[in-house]
Amino acid sequence: MLDNETIVALSTAPGKGAIAIIRISGPNALQSAKKNIQSKSNFDTPNQIVLGNFYCQNEIIDQVMVVYFQSPNSYTGEDLVEIYCHGSIYIQQRIIQCFIDDGLELAKAGEFSLRAFLNKKMDLAQTEAVCDLIESESKASHQLALNQLKGTFSTSLSNLRAQLIEFKSLIELELDFSEEDLEFADRKKLRDLICHIQREIKQLRDSFAYGNAIKKGIDVTILGRPNVGKSSLLNILLKESKAIVSDIPGTTRDSIEDLMTYKGYQFRFIDTAGIRKTSDEIETLGIKIALKKARKAQFCLYLYDSLEVSTEDIIDDLKKIIQSQTQVLLLEGKIDRFLHSNQKLTGQRKINPSDLNNKLKEFTHLETSIYIPSTIQKITDKLVELVEKKKTTSSVVVSNLRHYQCLTSALDSLKEIDFALNNNLSGDLLSVDLNQVIHHIGQITGHIDIDGDILGTIFGKFCIGK
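Residues numbered from 1 in each chain as written. Predicted model: local features only at pLDDT ≥ 70, side-chain atom pairs only at ≥ 80, totals over all residues. Heavy atoms only, no water.

A. Main features of the overall build of the protein chain. For the protein chain, the helix and strand inventory stands at 16 helices and 13 strands. Residues classed as buried in the protein chain amount to 47% of the 466 residues present. At a minimum sequence separation of 6, the contacts of the protein chain that also span at least 24 residues come to 68%. When the accessible area of the protein chain is evaluated, it comes to approximately 23500 Å², of which 50% is carbon and sulfur surface. (Helix = DSSP H or I, 4+ residues; strand = E, 2+ residues; numbered from the N terminus. Buried < 20%, exposed > 50% of the residue type's maximum accessible area, 1.4 Å probe, protein only. Contact = heavy atoms within 4.5 Å. Areas by Shrake-Rupley, 256 points an atom, 1.4 Å probe, with all protein chains shown as cover.)

Now the structure itself:
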């Protein structure tokens, strides 16, 4: 899969800027750079940045800085040159085209990182972390990607895989001496190892719920009946007028969403259509969308007006949205009405707070008002608290769907080994199941032969120049 072509690409974001970086990798990287860059200093010396002029067909294009990284001590493991030019789009295009005219290939998406993987500069999980690091938009997602790039996840998996390989070799040694009826692999130690690895892999697999939410942003739907203040709450949370606020019921027809970063976590707040029976086809469609969004979200803020709905009404609504993965916060809205001198409204409440708490003990209850900033902060603080409760005790958190699927497959194969050990099945069956677990773990880090289509899918998600 790895060819000897020298590739070139822009490594900084496309567009105009102060500085642009053009990267060349391959056997002719240094030769191509020397052909087009004239400098008073010699830039054959690795890791030293040099000032020079870039020429194309005897025409000076720009004054540039250039640095040479010698194989194998470069990002790709090949000879690699980086050119720092001014960020004019014209200059970037002229320099790249000049190299292409000299016979260099324009790099495909992720090709530099693919070469780093194929040249064993990083394993597959670490190269995927490079993409995650580039795309991270919050402190939490940045930290997840950085930990994976450091190789903590890979080291943990490699240790488990090495122990399995050792036992597999002993099982296969037994098969070679099957006529002598010898046992080299202690079945009790193997059973203990399998139990240990099951716990480790299950903990990693289960961390995906938290890791994936952090990586992609934490979905929080705002749900409730019409005119309870859902759109106003969204606007206050986002600190901008994102949704139209009106006294007319059914104003919100489609979902409206936007991102907010709070205490290092990125939340995606989604305002939805009010839940009610209606003959309006468009509003009915909006309500279906609202319920669908709520069922898929990690959190749901159910906002209610205690003067308008009863505890039974709330329970009926919650039955429509409750899913195992969704945590619901019950928010009594407009509580500023009960804090004024006129206390007559208190007696008009259809909900007795103690009755609500008794019937819905499993939910968090908060009071809120867009006119009381402290109540809004309680909501965001509570969301952060609930997110952090999802953390595992492990220092490694899985955030990649491919890794999750491989870990799930490994767990299935471990169950087969457990069954084989408990039923004293033959060593050849044990060997097959052990090989499956080793294969699934190796798929994550790339310590097996990976299908070219899988690599194409993984690295195709990278930006060009990385």
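B. Structural context of the environment of Leu133. Mapping Leu133 onto the fold places it in helix 4 (residues 124-135). Leu133 sits in the partly exposed class, given a relative accessible area of 25%. Residues Leu133 and Leu149 lie 16 residues apart in sequence; the distance between their C-alpha atoms is 8.4 Å. Once residues lying within four places of it in the same chain are set aside, the contact partners of Leu133 are His142, Ala145, Leu146 and Leu149.

C. A look at a nonpolar patch on the surface. A surface patch of nonpolar side chains, about 260 Å² in accessible area, is lined by Ile49, Leu51 and Met65. Residue Leu51 is classed as partly exposed on the basis of its relative accessible area of 46%. (Patch = residues over 30% accessible without salt bridge, like charges linked within 9 Å, V, L, I, M, F, W, Y side chains within 5 Å. Salt bridge = Lys/Arg side-chain N within 4 Å of Asp/Glu carboxyl O.)

D. Just the pattern of salt bridges, in detail. Applying the stated criterion to the full structure yields 15 salt bridges. The residue Arg268 makes a salt bridge to Asp219 at a minimum N-O spacing of 2.5 Å. Taken together, the residues Arg268 in strand 10 (residues 265-271) and Asp219 in strand 8 (residues 218-224) connect sequence positions 49 residues apart. Residue classification places Asp219 among the partly exposed positions, given a relative accessible area of 21%.

E. Molecular detail of helix 9 (residues 230-238). With respect to burial, helix 9 is a largely interior element, 8 of its 9 residues being buried. Those residues of helix 9 hidden inside the fold are in contact with strand 8, strand 9 (256-262), strand 10, strand 11 (299-304), strand 12 (327-332) and helix 13 (373-389). Note on helix 9: the residue one or two positions beyond its end, Lys239, has a positive phi of about 60°.

F. Summary view of the sheet that holds strand 11. The strand order 9-10-8-11-12-13 describes an open sheet built from 6 strands, whose pairing is mixed. Strand pairing shows two members of the sheet lacking a second neighbour, strand 9 and strand 13 (364-367), which therefore form its edges. Across the sheet, the mean angle separating the axes of adjacent strands is 25° when strand polarity is ignored. Sheet topology note: the strand 11/strand 12 ladder contains 6 bridges and is parallel. Across the sheet, residue Cys300 finds its bridge partner in strand 12, namely Val328. Running at roughly 120° to strand 10, helix 13 makes contact with strand 8, strand 9, strand 10, strand 11, strand 12 and strand 13 of the sheet. (Pairing = 2+ DSSP bridges. Axes fitted to C-alpha atoms, helices over the stretch in contact; angles between N-to-C directions.)

G. Structural detail: the sheet that holds strand 7 (residues 105-106). Read from one edge to the other, the open sheet built from 7 strands follows the order 3-4-5-6-2-1-7, with strand pairing classed as mixed. The open sheet has two edge strands, strand 3 (37-38) and strand 7, and neither has a second partner. With 5 bridges joining them, strand 5 (residues 59-69) and strand 6 (residues 80-87) adopt antiparallel strand pairing. Note on strand 6: the bridge partner recorded for Val67 is Glu82. Across the face of the sheet, helix 2 (residues 89-101) comes into contact with strand 1 (7-10), strand 2 (17-25), strand 4 (50-56), strand 5, strand 6 and strand 7 while running at roughly 70° to strand 5. Across the sheet, helix 3 (residues 111-118) lies against strand 1 and strand 2, angled at about 130° from strand 1, the strand it touches most.

H. Structural view of the nonpolar core. Counting 31 residues, the largest nonpolar core has Ile218, Leu233, Tyr265, Phe267, Phe269, Leu301 and Leu383 as the members making the most contacts within it. No other element matches the 6 residues that helix 13 contributes to this core. Sequence-distant contacts of Phe267, that is, excluding residues within four places in its chain, are made with Ile218, Val220, Asp258, Leu259, Met260, Tyr262, Leu383, Val384 and Val387. (Core = buried A, V, L, I, M, F, W, Y, C linked by side-chain atoms within 4.5 Å.)

I. Structural context of the packing of helix 7 (residues 187-206) against helix 14 (residues 401-422). One way to put it is that helix 7 packs onto helix 14 with a least axis distance of 10 Å and a crossing angle of 155°. Relative to helix 14, the element helix 7 is oriented roughly antiparallel. The handedness of the crossing between helix 7 and helix 14 is left-handed. Residue-level inspection shows Arg187, Leu190, Arg191, Ile194, Ile197, Gln198, Ile201, Lys202, Leu204 and Arg205 of helix 7 in contact with helix 14, the latter providing Tyr404, Leu407, Thr408, Ala410, Leu411, Leu414, Lys415, Ile417, Asp418, Leu421 and Asn422. The residue inventory of the contact of helix 7 with helix 14, partitioned by class, reads 12 nonpolar, 3 polar and 6 charged. (Parallel < 35°, antiparallel > 145°, perpendicular 65-115°, else oblique. Left-handed = near helix turned anticlockwise from the far one by under 90°. Nonpolar A, V, L, I, M, F, W, Y, C, P; charged D, E, K, R; others polar.)

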